[in-house]
Amino acid sequence: MPYVTESNLTDVARERWSNIPDPRLREIMTALVKHVHAFVREIEPTQAEWATAIDWLTRTGKLCTDKRQEFILFSDVLGVSMLMDAINNRLDNGATPTTVEGPFHVPASPEFADGADMAKNAPGVPCFVTGTVRDLDGKPVAGASLDVWQTDGEGLYEAQRDVEGPWLRGVFRTRADGSFAIRTVVPISYTIPMDGTVGELVERTNISHYRPAHIHFVVEAPGYHRIVTHLFRRGDRYIDNDVVYGVKEPLIVDFKEVPGGKAPNGETLESAFYEVNYDFVLQKAAIAKAA
Ligand code: BEZ
Ligand code: FE
């Protein structure tokens, strides 16, 4: 091994990290050395800046629990989560696009009957989400599951409230004609958690820390590519600068105000409510290649 100099150090380290039997890990580690070295060569950090970065990473790690993942939030605000999402969900034209999952999904939500209210006792203006799940040829997908979660009308998720749960989350299924109906409340725009190391960093920028109002969905059916996505409220003040880059044009929908009367699930409401209509389009799952 040659003794190192500033100019040969990257090559020496890459050579050492190429000594890995697993080809994928070898590819990852040699690329990591290449890009981290290039970053350090470009920035030329002072020793004090390097120590600040190590301290920031240490504090970020200490904030992570089973309820909070500050590293994923860092990935979100850098646009890395959406890049990961794009790379792993290259869908055909016409299929409903995916977007970032975010930290507030709770697995195994309760199943609700078609048209049922997943927002009982929650603050907010009633909102009815209806639509269909179809394939790329327009054929209805019966029995598709829609796992839905969102903030309440005060901008809070279940994990941010002192509730036993479930709170503003549920699983709905499409009928034989591919249709579904959900009663919920209108979500509002909200800030990402700003009380941690990511917030500390974002505070030093002019970047907005808000997400436009949205409802989260995981839509899946046997034989189809599972999608993790949102529906965003058209006209929201943060629609063009979502802090996690999650907005895609086909996911922006109208929340139509209705003064009261018959709701899409058959109920009659005296006060105003909102209606959202959306047709999700799933594409067939790729057939796994034989090894
Ligand atoms: C969310 O939509 O729930 C979310 C996504 C990324 C970061 C924070 C929140
Ligand atoms: Fe969200």
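Since this is a predicted model, take the numbers as computed values, not measurements. (Residues numbered from 1 in each chain as written. Chains lettered and ligands numbered in written order. Predicted model: local features only at pLDDT ≥ 70, side-chain atom pairs only at ≥ 80, totals over all residues. Heavy atoms only, no water.)

Our focus in this paragraph is the domain arrangement of the protein. When cut into domains, the protein gives domain 1 (9-66) and domain 2 (71-287). If you look at the interface, domain 1 gives seven residues, while domain 2 gives seven residues. In total, domain 1 and domain 2 occlude about 650 Å² of area from one another, counting both sides; carbon and sulfur atoms represent 70% of this. On the surface where domain 1 and domain 2 come into contact, there are one salt bridge. A salt bridge links Glu200 to Arg59; its shortest N-O distance comes to 2.8 Å. In this structure, the connection of domain 1 to domain 2 is made through three residue pairs in polar contact (both at pLDDT 80 or more). Among the residues forming the side of domain 1 that touches domain 2, the class breakdown is four nonpolar, two polar and one charged. (Domains from an automatic or database assignment. Contact = heavy atoms within 4.5 Å. Buried area = accessible area lost by both parts, 1.4 Å probe. Salt bridge = Lys/Arg side-chain N within 4 Å of Asp/Glu carboxyl O. Polar contact = N/O pair within 3.5 Å; in protein donor to acceptor, adjacent residues only side chain to side chain. Nonpolar A, V, L, I, M, F, W, Y, C, P; charged D, E, K, R; others polar.)

Next up on the list: the packing of helix H1 (residues 9-16) against helix H2 (residues 23-43). Packing of H1 against H2 brings their axes to within 9 Å, and their N-to-C directions diverge by 160°. Between H1 and H2, the interaxial angle falls into the category roughly antiparallel. Regarding H1 and H2, the two cross each other, and that crossing is right-handed. Contacts between H1 and H2 involve Leu9, Thr10, Ala13 and Arg14 on the former and, on the latter, Thr30, Ala31, Val33, Lys34, His37 and Arg41. Class assignment for the residues of the contact of H1 with H2 results in four nonpolar, three polar and three charged. (Axes fitted to C-alpha atoms, helices over the stretch in contact; angles between N-to-C directions. Helix = DSSP H or I, 4+ residues; strand = E, 2+ residues; numbered from the N terminus. Parallel < 35°, antiparallel > 145°, perpendicular 65-115°, else oblique. Left-handed = near helix turned anticlockwise from the far one by under 90°.)

Glancing now at the sheet that holds strand E4 (residues 179-185). Judged by pairing direction, the sheet is mixed, and its four strands sit side by side in the order E4-E1-E13-E10 without closing on themselves. In this open sheet, the two edge strands, each paired with only one partner strand, are E4 and strand E10 (256-258). In this sheet, neighbouring strand axes are inclined to one another by 25° on average, regardless of whether the strands run parallel or antiparallel. Across nine bridges, the pairing between strand E1 (residues 126-135) and strand E13 (residues 273-282) is parallel. (Pairing = 2+ DSSP bridges.)

This next bit is on the packing of aromatic side chains. According to the stated counting rule, one finds nine aromatic pairs in the structure shown. Both rings, one in Tyr157 and one in Tyr190, keep their centres 5.3 Å apart while their planes meet at 85°; by these two values the pair is edge-to-face. You can see Tyr157 sitting in the loop between strand E2 (145-150) and strand E3 (169-173) and its partner Tyr190 sitting in strand E5 (residues 190-191), a full 33 residues away along the chain. Assigned by exposure class, Tyr157 and Tyr190 land together as buried. Geometrically, the ring pair formed by Phe180 and Phe280 is tilted, given 6.0 Å between the ring centres and 40° between the ring planes. With a gap of 100 residues between them, Phe180 in strand E4 and Phe280 in strand E13 connect regions that are remote in the sequence. As far as the burial class goes, Phe180 and Phe280 line up, both buried. (Phe/Tyr/Trp six-rings, centres within 6.5 Å; stacked < 30°, edge-to-face > 60°. Buried < 20%, exposed > 50% of the residue type's maximum accessible area, 1.4 Å probe, protein only.)

We now examine the pattern of salt bridges. Where side chains of opposite charge bring their charged atoms close, a pairing between them can arise. Counted according to the given criterion, the structure contains 17 salt bridges. The residue Arg59 makes a salt bridge to Asp55 at a minimum N-O spacing of 3.0 Å. With Arg59 and Asp55 both in helix H3 (residues 47-63) and four residues apart, this pair spans about one turn of that helix. Among the charged side chains, a salt-bridge network with shared partners connects Asp55, Arg59 and Glu200.

Burial analysis of strand E8 (residues 227-233) places six of its seven residues in the buried class, which makes it a mostly covered element. In sequence, strand E7 (residues 214-220) turns back onto E8 through a hairpin of six residues, with Gly223 there showing a positive phi of about 90°. Where E8 and strand E9 (residues 252-253) come together, two bridges link them in parallel fashion. What sits directly across from Arg233, in E9, is Val253.

Below, the discussion takes up the side chain of Asn89. Mapped onto the fold, Asn89 is located in the loop between helix H5 (80-88) and E1. In terms of polar contacts, Asn89 uses its side chain to reach the side chain of His225, at 2.8 Å.

Another aspect to go through is H1. By the burial criterion, the buried members of H1 are Thr10, Val12 and Ala13. Seen along its axis, H1 keeps its buried residues to an arc of 165°; they face one direction. Along H1, exposed side chains directed more than 90 degrees from the buried face belong to Asp11 and Glu15. Looking at the packing, one finds that the buried side of H1 touches H2. (Arc of directions from axis to C-beta.)

As a matter of local geometry, ligand 1 sits amid Leu73, Asp76, Gly102, Pro103, Phe104, Tyr157, Tyr190, Ile192, Arg211, His214, His216 and Val244. Taking Tyr157, its side chain carries an N or O atom lying 3.3 Å from an oxygen atom of ligand 1. Relative to its unbound accessible area of 270 Å², ligand 1 is 100% covered by the protein chains. The class makeup of the residues in the shell around ligand 1 is seven nonpolar, three polar and two charged. (Near = heavy atom within 4 Å. Areas by Shrake-Rupley, 256 points an atom, 1.4 Å probe, with all protein chains shown as cover.)

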